[in-house]
Amino acid sequence: MRLIREFEEHCLEMAVAGTIVGGIHPYIGQEAVAVGVSAHLREDDVITSTHRGHGHVLAKGADPKRTLAELYGASTGLNRGRGGSMHAADVGLGVYGANGIVGAGAPIAVGAAWAARRQGRDQQVAVAYFGDGALSQGVVLEAFNLAALWSLPVLFVCENNGYAISLPVDRGLAGDPVRRAAGFGLTAEAVDGMDVEAVTEAAGRAVAACRAGGGPHFLECVTYRFRGHHTVEHLMGINYRDEAEVASWTERDPLARQRARLAPAVADEVDAEIAALIAEAVAFAGSSPGSDPRDALDYLYAGTAPTRPGA
Ligand SMILES: Cc1ncc(C[n+]2csc(CCOP(=O)(O)OP(=O)(O)O)c2C)c(N)n1
């Protein structure tokens, strides 16, 4: 959690400074979800992520140096600096990509689980992360349906942070998320998404049941983003949330809650370790060459077809 928090604090500064171009969507406040779920994932398990994806990608084990380089647009980035914040992927690690299209990761996760079954990889689980706003996207409901129909090992993780951009969940979503998922036949429950131990416990049960052939599961993680929807909002000072509401969630900061459970010396050691990792990532990304614009069309197609004149 500390790695994700520090990574994103740095990214926010770099977005303001212009080193990271384009908006980023901070995950700060939601770290317990990605960490609690990832605690049970193996390297060959698959995740699909969202526009708010740095936490998911890092928690699955992506190299912080190459992830930061990706956001810097550097050629040493996870995707050679071509994807940036909203498209960070690491297929070898089962990270099938952050995704700027709300809900788009859910059918990809179902496809990955289906492919794993067809290829005899029965123990593999696919996790689809998405927000409360995605719960009303047709593709997510289709994904629920097919995963249940085919009893696939998919864990759907809904991070209910209370807002879809500025739309409060009680004005955008009819009914209850858990009941909505259960209506499709998914085993569904809600959990305190601000408590890493609660998420770890619930995700552990869900992932184990998926692996054991228990069909798809749904976890509603009730959480909150401490910052704006994205950096542009942050920079423009747009606000639609009540100060008292933000303060009451900030008191439930998952990092502070977990720190209180650790011996102070252990917490200090973790902090020092993370500070060193971030310093290393910043040095690596900062000294890496940028992507070459002349190669803009490379990697668009698989195979050997030339992608630029004369190549
Ligand atoms: C299909 C689609 N519709 C609309 C958008 C514009 N959009 C970007 S983020 C967002 C809100 C998403 O809210 P939620 O799923 O709750 O995730 P959160 O931002 O809260 O993490 C919307 C509507 C989009 N990117 N894709």
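Predicted model only: the values in this text are computed from it and were never measured.

**Student:** Any chance you could explain the overall build of the protein here in plain terms?
**Tutor:** Regarding its fold elements, the protein presents 13 helices and seven strands. A compact globule built from 311 residues would reach a C-alpha radius of gyration of about 19 Å, and the protein, at 19 Å, matches this within 12%. Considering only C-alpha atoms, the protein reaches an extent of 55 × 50 × 40 Å along its principal axes. Counting every position in the protein, which comprises 311 residues, the buried fraction comes to 48%. By sequence separation, contacts in the protein at least 24 residues apart represent 73% of the contacts at least 6 residues apart. Accessible surface, the protein as shown: approximately 13900 Å² in total, 56% of it carbon and sulfur. Averaging the positions of the 26 positive and the 37 negative side-chain charges in the protein gives two centres separated by 6 Å.

**Student:** How do you make sense of the side chain of Thr-50 when you look at a structure like this?
**Tutor:** Position of Thr-50 relative to the elements: it lies in the loop between strand E1 (46–48) and helix H3 (54–59). Given the relative accessible area of 11%, Thr-50 is considered buried. A polar side-chain atom of Thr-50 sits 2.9 Å from the main-chain amide nitrogen of Arg-52.

**Student:** How should I be thinking about the site of the ligand in this particular structure?
**Tutor:** Neighbouring the ligand are 15 residues; His-51, Arg-52, Gly-100, Gly-133 and Tyr-163 lie closest to it. Separating an oxygen atom of the ligand from a side-chain N or O atom of Arg-52 is a distance of 2.7 Å. Interatomic distance of 3.5 Å between a side-chain N/O atom of His-229 and an oxygen atom of the ligand. Taking 580 Å² as the accessible area of the ligand by itself, protein coverage stands at 72%. According to the grid-proximity analysis, the pocket containing the ligand is the largest pocket. Looking at side-chain class alone, the shell around the ligand contains six nonpolar, seven polar and two charged residues.

**Student:** Would you mind showing me how to read the nonpolar core here?
**Tutor:** Within soluble globular proteins, side chains that are nonpolar generally end up buried alongside one another. Core analysis: the biggest nonpolar cluster contains 50 residues, and Val-37, Val-127, Tyr-129, Leu-155 and Val-157 have the highest contact counts within it. The contacts of Tyr-129, once residues within four sequence positions are left out, are Val-33, Ala-34, Val-37, Ser-38, Ile-47, Thr-48, Ser-49, Thr-50, His-56, Val-157 and Glu-159. Ranked by size, the runner-up nonpolar core spans 24 residues in total, among them Ala-134, Leu-135, Val-154 and Cys-158.

**Student:** Would you mind showing me how to read the packing of helix H1 (residues 2–17) against helix H4 (residues 64–71) here?
**Tutor:** When two helices pack together, their arrangement is given by the angle between their axes and by how far apart the axes lie. For the pair H1 and H4, the least separation of the axes is 12 Å and the interaxial angle reads 25 degrees. The orientation of H1 with respect to H4, classified from their angle, is roughly parallel. The way H1 lies across H4 gives a crossing that is right-handed. Counted together, Leu-3, Phe-7, His-10 and Cys-11 of H1 and Pro-64, Thr-67, Leu-68 and Leu-71 of H4 form the full contact between these two elements. Of the residues contributing to the contact of H1 with H4, the split by class is six nonpolar, two polar and no charged.

**Student:** What exactly am I supposed to notice about unusual backbone geometry here?
**Tutor:** Phi is positive for Arg-80, close to 60 degrees, though the residue is something other than glycine. With respect to the secondary-structure elements, Arg-80 resides in the loop between H4 and helix H5 (105–118). Among the residues examined, Arg-80 registers a relative accessible area of 42% and is labelled partly exposed. In this model, Ser-151 sits at a positive phi of 50 degrees, which is unusual for a non-glycine residue.

**Student:** Would you mind going over the layout of surface pockets with me for this structure?
**Tutor:** One way to see where empty space is left: roll a probe the size of a water molecule over the atoms. Each pocket or cavity is described by its volume, and for the largest pocket that value is around 340 Å³. Around the largest pocket sit 28 residues that line it, and His-51, Val-102, Phe-130, Gly-131 and Gly-133 are the ones nearest its centre. Counting only elements with at least two residues in the lining of the largest pocket, the list comes to H5, strand E2 (126–131) and strand E4 (163–164). Among the elements that take part in the lining of the largest pocket, E2 stands out by supplying three residues, more than any other. Taken together, the residues that form the lining of the largest pocket break down as 12 nonpolar, 13 polar and three charged.

**Student:** Help me out: how do you make sense of the packing of aromatic side chains in this one?
**Tutor:** Aromatic rings in a pair are described by how distant their centres are and how their planes are angled relative to each other. Counted according to the given criterion, the structure contains eight aromatic pairs. When the ring of Phe-130 is compared with that of Phe-144, the centres are 6.3 Å apart and the planes differ by 50 degrees; the resulting orientation is tilted. One end of the pair, Phe-130, is in strand E2; the other, Phe-144, is in helix H6 (residues 138–149), with 14 residues separating them in the sequence. Judged by relative accessible area, which is 3%, Phe-130 ranks as buried. Ring geometry for Phe-130 versus Phe-156: centroids 6.4 Å apart, planes at 55 degrees, classification tilted. Placement of Phe-130 in strand E2 and of Phe-156 in strand E3 (residues 154–160) is noted, with a sequence separation of 26 residues between them. Phe-156 sits in the buried class, given a relative accessible area of 0%. An aromatic cluster of three or more residues is present, and its members are Phe-130, Phe-144, Phe-156, Phe-184 and Phe-218. A cation sits over an aromatic face here: Arg-80 above Tyr-299, 4.1 Å from the ring centre.

Conventions used here
Residues numbered from 1 in each chain as written. Predicted model: local features only at pLDDT ≥ 70, side-chain atom pairs only at ≥ 80, totals over all residues. Heavy atoms only, no water. Helix = DSSP H or I, 4+ residues; strand = E, 2+ residues; numbered from the N terminus. Rg over C-alpha atoms; globule rule 2.2 N^0.38 Å. Buried < 20%, exposed > 50% of the residue type's maximum accessible area, 1.4 Å probe, protein only. Contact = heavy atoms within 4.5 Å. Areas by Shrake-Rupley, 256 points an atom, 1.4 Å probe, with all protein chains shown as cover. Lys, Arg positive; Asp, Glu negative; His and termini not counted. Charge placed at Lys NZ, Arg CZ, Asp CG, Glu CD. Polar contact = N/O pair within 3.5 Å; in protein donor to acceptor, adjacent residues only side chain to side chain. Near = heavy atom within 4 Å. 1 Å grid on protein atoms, 1.4 Å probe; cavity = no way out; pocket = protein on both sides within 12 Å on 5 of 7 lines; lining within 4 Å. Sits in = over half its atoms within 2 Å of the grid points. Nonpolar A, V, L, I, M, F, W, Y, C, P; charged D, E, K, R; others polar. Core = buried A, V, L, I, M, F, W, Y, C linked by side-chain atoms within 4.5 Å. Axes fitted to C-alpha atoms, helices over the stretch in contact; angles between N-to-C directions. Parallel < 35°, antiparallel > 145°, perpendicular 65-115°, else oblique. Left-handed = near helix turned anticlockwise from the far one by under 90°. Points joined across faces, edges and corners; volume = space filled by probe spheres on them. Phe/Tyr/Trp six-rings, centres within 6.5 Å; stacked < 30°, edge-to-face > 60°. Lys NZ or Arg CZ within 6 Å of the ring centre and 35° of its normal.

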